[in-house]
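Listed below are the residues making up each chain.
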Amino acid sequence: MYPSLVALENSLGKSVLTQIHDPFLESKAVELWIKRDDLLHPVISGNKWRKLKYNLDDALSKDVDTLISMGGAYSNHLHALAFVGKTLKLKTIGIIRGEHPTPLTPTLQDMENWRMKLRFVTRSEYRLLRNHKHWQDLPGIKLNQYWLPEGGANPLALKGVGEIVDEIDISYDVLCVACGTGTTLAGLIRKAPKQKTVLGFAALNKARYLESDVKSQLIINCHNWEIFHDYHFGGFAKLNSKLALFINDFEAKTSVPLEPVYTGKMLYGIYDLIIQGRFKPGQRIVAIHTGGLQGKRGYL
Ligand SMILES: Cc1ncc(COP(=O)(O)O)c(C=O)c1O
């Protein structure tokens, strides 16, 4: 790996495994642990670092000076990319879905402060950009520029995500993660031993395409995974008082911070599945905290 990237990785915090102590879990005889990837860094946290790591190494090996990607006005991915660009002294361009908001969202404001160039495109233009996956695939891209698809979702991201599994040094039965594009889930399924169950929690409504998207990223066909579609609370980034209450209560009990877009919904789902008796007594669940806490600004 490139020395500047090794230095960045060495500067990151430690992703510890924390057991959640809660009388409810004890009453169900189920153990819940959280892999705290949110502790890696306040900005390049969680799956952002995992997905960017090998992409950045690839970009540096190609001697580019500019990273380009796409996302929404609250995108954790673009936020992390802008920060990493500033740190590695690479220029960054963010293609943003929809109109320029006034004022800028806190996420966009940070990105601009970190000197990312923001380009706003219509929703239909944005949809078309999803077809471009390869680093030189974007129409009009120059040789000194490196394109990352939405959410950094590509094979190099899967490699980085797999390292989360390598770091889990306790025995466990079930792995859980929130799903946007499903890339993080696919990376976990590829790496987890096949006797483990891997569960995804969709953060978006009407996301049934996720099953085929995830399947297409697997090397071998396996059946030890499932995606739950009932915990999106009305759609992407939607929040109601029930979810807000759950998050506040969980944070007060455990001191583990959550955000309402991904990790709050995943943990709500896990608790609901425990209530439904989905996990056997004695089972140990490891939930991946994928970070994204910056997205909480303006929410809770
Ligand atoms: C904090 C957080 N958690 C989970 C996800 C979902 O990841 P994926 O798109 O790989 O499914 C995202 C989106 O990238 C995210 O920002």
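Please read all numbers here as calculations on a predicted model, not as lab measurements. (Residues numbered from 1 in each chain as written. Predicted model: local features only at pLDDT ≥ 70, side-chain atom pairs only at ≥ 80, totals over all residues.)

(A) Up close: the overall build of the chain. Looking only at helices and strands, the chain features 11 helices and 10 strands. Here the C-alpha radius of gyration of the chain, 19 Å, is about what a compact globule of 300 residues would show, namely 19 Å. Once the C-alpha set of the chain is aligned to its principal axes, its extents read approximately 60 × 40 × 35 Å. Of all 300 residues assigned to the chain, the portion counted as buried reaches 42%. Taking all contacts inside the chain whose residues are at least 6 apart in sequence as the whole, residues at least 24 apart take part in 71%. (Helix = DSSP H or I, 4+ residues; strand = E, 2+ residues; numbered from the N terminus. Rg over C-alpha atoms; globule rule 2.2 N^0.38 Å. Buried ≥ 20, exposed ≤ 12 C-beta atoms within 10 Å, placed from the backbone. Contact = placed C-beta atoms within 7 Å.)

(B) Structural detail: the site of the ligand. The ligand sits among 17 residues. The nearest are Gly-180, Thr-184, Tyr-262, Thr-290 and Gly-292. When residues of the shell around the ligand are traced back to their parent elements, those giving at least two are helix H4 (76-88), strand E7 (174-179) and helix H8 (183-191). In terms of residues, the shell around the ligand owes the most to one element, H8, which gives three residues. Classifying every residue of the shell around the ligand gives four nonpolar, 13 polar and no charged. (Near = placed C-beta within 6 Å. Nonpolar A, V, L, I, M, F, W, Y, C, P; charged D, E, K, R; others polar.)

(C) Spatial organisation of the sheet that holds E7. Here six strands make up an open sheet; going across it, the order is E1-E2-E10-E7-E8-E9 and the pairing mixed. Each edge of the open sheet carries a strand with a single partner, namely strand E1 (17-19) and strand E9 (225-228). Taken pair by pair, the neighbouring strands of this sheet meet at an average axis angle of 25°, ignoring direction. Across six bridges, strand E2 (residues 31-36) lies against strand E10 (residues 284-289) in parallel orientation. Considered in E10, the bridge of Leu-32 is made with Ile-285. (Pairing = 2+ DSSP bridges. Axes fitted to C-alpha atoms, helices over the stretch in contact; angles between N-to-C directions.)

(D) Expanded view of the sheet that holds strand E6 (residues 145-147). Sheet architecture is open: four strands sit in the order E5-E4-E3-E6, paired in parallel fashion. Only two strands of the sheet have a single neighbouring strand rather than two, namely strand E5 (116-121) and E6. When strand polarity is set aside, the average angle formed by the axes of neighbouring strands in this sheet is 20°. When strand E4 (residues 91-97) meets E5, the two strands line up parallel, connected through six bridges. When the bridges of E5 are listed, Gly-94 appears paired with Leu-118. Taken strand by strand, H4 contacts strand E3 (66-71), E4 and E5, and its axis lies near 165° from that of E3.

(E) Representation of the domain arrangement of the chain. As far as domains go, the chain holds domain 1 (3-43 + 156-296) and domain 2 (47-152). Computed over C-alpha atoms, the centres of domain 1 and domain 2 are 24 Å apart. On the side of domain 2, 23 residues touch domain 1, which itself brings 25 residues to the contact. Elements represented by at least two residues in the side of domain 1 that touches domain 2 include exactly helix H1 (3-10), helix H7 (155-166) and H8. At seven residues, H7 tops the list of elements feeding residues into the side of domain 1 that touches domain 2. Classifying every residue of the side of domain 1 that touches domain 2 gives 10 nonpolar, 12 polar and three charged. (Domains from an automatic or database assignment.)

(F) How the structure looks around the nonpolar core. Judged by nonpolar contacts, the single largest core of 48 residues is most densely connected at Leu-175, Cys-176, Val-177, Leu-188, Met-266, Ile-285 and Ala-287. Val-43, Trp-49, Tyr-74 and Leu-138 belong to the second largest nonpolar core, which has 30 residues in total. (Core = buried A, V, L, I, M, F, W, Y, C linked by C-beta atoms within 7 Å.)

(G) Broad picture of the pairing of E3. A large share of E3 lies buried, amounting to five of its six residues. Traced from E3 through H4 to E4, the parallel crossover comes out right-handed. Here three bridges tie E3 to E6, and the two strands are oriented parallel to one another. Bridging from a neighbouring strand, Leu-67 pairs with Tyr-146 of E6. (Right-handed = clockwise from strand over helix to strand, strands pointing away.)

(H) Representation of helix H10 (residues 241-254) within the structure. Its 14 residues give H10 an end-to-end C-alpha distance of 20 Å, which sits within 8% of 20 Å, the value for a rise of 1.5 Å per residue. Residues of H10 that are buried: Leu-243, Ile-247 and Phe-250. Each buried residue of H10 sits inside an arc of 70° when the element is viewed along its axis, so together they form one side. Exposed residues lying more than 90 degrees from the buried face of H10 are Ser-241, Lys-242, Leu-245, Asp-249 and Ala-252. On its buried face, H10 is in contact with helix H11 (263-275). Of the residues trailing H10, Ser-255 is marked for its positive phi of about 65°. (Expected span 1.5 Å × (residues − 1). Arc of directions from axis to C-beta.)

(I) The packing of H7 against H8, seen in detail. Remark: H7 packs on H8, axes separated minimally by 8 Å, with the N-to-C direction vectors making an angle of 60°. As far as their axial angle goes, H8 and H7 are oblique. As H7 packs across H8, the resulting crossing turns out to be right-handed. Across the interface between the two elements, Ala-157, Leu-158, Val-161, Gly-162, Ile-164 and Val-165 of H7 pack against Thr-183, Thr-184, Ala-186, Gly-187, Leu-188, Arg-190 and Lys-191 of H8. Taken together, the residues of the contact of H7 with H8 break down into seven nonpolar, four polar and two charged. (Parallel < 35°, antiparallel > 145°, perpendicular 65-115°, else oblique. Left-handed = near helix turned anticlockwise from the far one by under 90°.)

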